[in-house]
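Take a look at the letters that make up each chain.
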2 protein chains.
Amino acid sequence: MEILITNDDGRGTKGLLTLARAMRPLGRVTVLVPENGRSGMSSAISVGRLMTLRQLTAQDALTEEERDIIGTCRVYVTNGTPADCVKLAINALYDGDDRRIDLTVSGINHGHNASVNLLYSGTMGACLVATEHGIPAIGFSLDDHSQDADFSFMEPYIPEITRQLLEEGFKNGVCYNVNAPIGPLHGVRRTRQCAGHWEKELAPHTDEHGNEGYMLTGQFINHEPEAEDTDMWCLAHGMVSIQPVRLDMTDYELL
Amino acid sequence: MEILITNDDGRGTKGLLTLARAMRPLGRVTVLVPENGRSGMSSAISVGRLMTLRQLTAQDALTEEERDIIGTCRVYVTNGTPADCVKLAINALYDGDDRRIDLTVSGINHGHNASVNLLYSGTMGACLVATEHGIPAIGFSLDDHSQDADFSFMEPYIPEITRQLLEEGFKNGVCYNVNAPIGPLHGVRRTRQCAGHWEKELAPHTDEHGNEGYMLTGQFINHEPEAEDTDMWCLAHGMVSIQPVRLDMTDYELL
């Protein structure tokens, strides 16, 4: 199996290294990620901007853990977005033939992508581009933003969930948004996207050059904290959420 | 009626000025747009980056047309993305109270946002942020990328479509993606998102500093050119497409 791994937190992050180790036993792994973090990029693409692509060698490794991945997988970095990563992989590494990639996995994101956060997620943006190309895609995220979050308990779950979803078969135009709580785990559930929104999103800020403006911040408001079938409910109750995500955004009910 | 206008092509563009002129008779218009174009930004937000906000005065106007809009509407520019524009407007111009904005319109985009292009569209990214906040939102796009595209024939249609959608009432969590063909018009239709994908998306490129990489390009492949209920079919047959777009991306059928 030919597996493409990408993310939005950049190279060498704990989430990426955990995902690469977890996927290695399942097939031939190619990693292509934004060199530095590109969080909140949604499905943004680099229009009118040169996208770089560089393969890392053992000499480039910043840590022993990264050296281990570079030694066993093809690893590339770019200045592009997560969505660009999938386009770069298909066109520069697989001769434009998307059928040569059997699976795209993205993450493990430092921070969950449940509820409306899916809209802003570069992790899931990459999955949606893969879905456009008919490639099965799964995004993995952990409900912990810190750089040194503990991903170890997820390592055995990832191949298990991946095998299960591949066995079921991927519906055309659908990918998966998998969100894990901070351990220990109390189960796994299929969920829908919780309704919610962000408020108080700007903090006035002056940078080191004296430029005035705002930094993004905010507070998430859950519109349905009691609904047991949502991704947010899962996270709040120690369960892994598996949400099927549709590329076609048409509201058929209204139509 | 309090109306917020944003776009992804930037200030002073023909599409923006046409939209502002068309909306002015409907209420009090505030324009807040990325100072320079930010195409292909999807719903990307500026995480960890200072967002500027500056009100334009008559002296800032670059053309007579822009001076006319600045003289009759509040006009702001930012270095942020289209999604940022909506967050900036709510939090910096309306005291964080999203209920004070009655309608958000975005565009008119130079180039259509039908089919999978919706995924990459900053025009529609802004609408989805407004939808998160419960604000009725409509994105307008024209099937012509050129800077001097002819938007004039759309000017009477925009208030008409807007009034019609407002009269019907906005369903919670749903906005509209309106795409217009190059005139003359042969009607208006409610549509679904056409299935399709981009291929041959990279062109090798060396910039003026000798940096090597790729520029985004590509060829759109329509998976269902004969389906008469799609947005792409409308554009190909001279009709305006009105697609209801859902913020909740869960695939309920699969669930």
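Residues numbered from 1 in each chain as written. Chains lettered and ligands numbered in written order. Predicted model: local features only at pLDDT ≥ 70, side-chain atom pairs only at ≥ 80, totals over all residues.

Caption draft 1: Structural view of the confidence of the model for chain A. Model confidence for chain A is summarised by a mean pLDDT of 97, while 100% of its residues fall at 70 or above. For this predicted complex, the interface confidence score (ipTM) comes to 0.97, while the overall pTM stands at 0.98. (pLDDT = per-residue confidence, 0-100.)

Caption draft 2: Region of the structure containing the relation of the copies chain A and chain B. Expressed as a screw transformation, the operator carrying chain A onto chain B has a rotation angle of 180° and an axial translation of 0.0 Å, and the superposed copies differ by an RMSD of 0.0 Å. Taken together, the rotation and translation relating the two chain copies correspond to the operation of a two-fold axis. Looking at chain A, 100% of its interface residues are interface residues in chain B too, so the copies touch through the same face. (Least-squares fit on C-alpha atoms with pLDDT ≥ 70 in both. Contact = placed C-beta atoms within 7 Å.)

Caption draft 3: Structural context of the pairing of strand 10 (residues 202-206) of chain B. All names here are of chain B. The pairing of strand 10 with strand 11 (residues 212-216) spans five bridges and is antiparallel. For Pro204, the partnering residue across the bridge sits in strand 11 and is Tyr214. In textbook terms, the turn of a hairpin is the stretch between consecutive antiparallel strands, and for strand 10 and strand 11 this stretch comprises five residues, one of which, Gly210, has a positive phi near 85°. (Pairing = 2+ DSSP bridges. Helix = DSSP H or I, 4+ residues; strand = E, 2+ residues; numbered from the N terminus.)

Caption draft 4: Molecular detail of the nonpolar core. Among the nonpolar cores identified, the biggest contains 142 residues, and Ile5, Leu19 and Val31 of chain A together with Ile5, Leu19 and Val31 of chain B are the most heavily contacted of them. Residues within four places of Val31 of chain B in sequence aside, it is in contact with Ile5, Ala20, Ile69, Cys73, Arg74, Val75 and Tyr76 of chain B. (Core = buried A, V, L, I, M, F, W, Y, C linked by C-beta atoms within 7 Å. Buried ≥ 20, exposed ≤ 12 C-beta atoms within 10 Å, placed from the backbone.)

Caption draft 5: How the structure looks around the sheet that holds strand 13 (residues 240-246) of chain B. All names here are of chain B. Strands sit in the order 3-4-2-1-5-6-7-13-8 across an open sheet of nine strands; the sheet is mixed. Of all strands in the sheet, those with a lone pairing partner are strand 3 (54-55) and strand 8 (188-190), marking the two edges. Judged from the five bridges that link them, strand 5 (residues 103-110) and strand 6 (residues 137-142) form a sheet pairing that is parallel. Residue pairing across strands places His110 opposite Leu142, the latter belonging to strand 6. Running over the sheet, helix 3 (residues 82-93) touches strand 1 (2-6), strand 2 (28-34), strand 4 (74-78) and strand 5 and is turned about 130° from strand 2. (Axes fitted to C-alpha atoms, helices over the stretch in contact; angles between N-to-C directions.)

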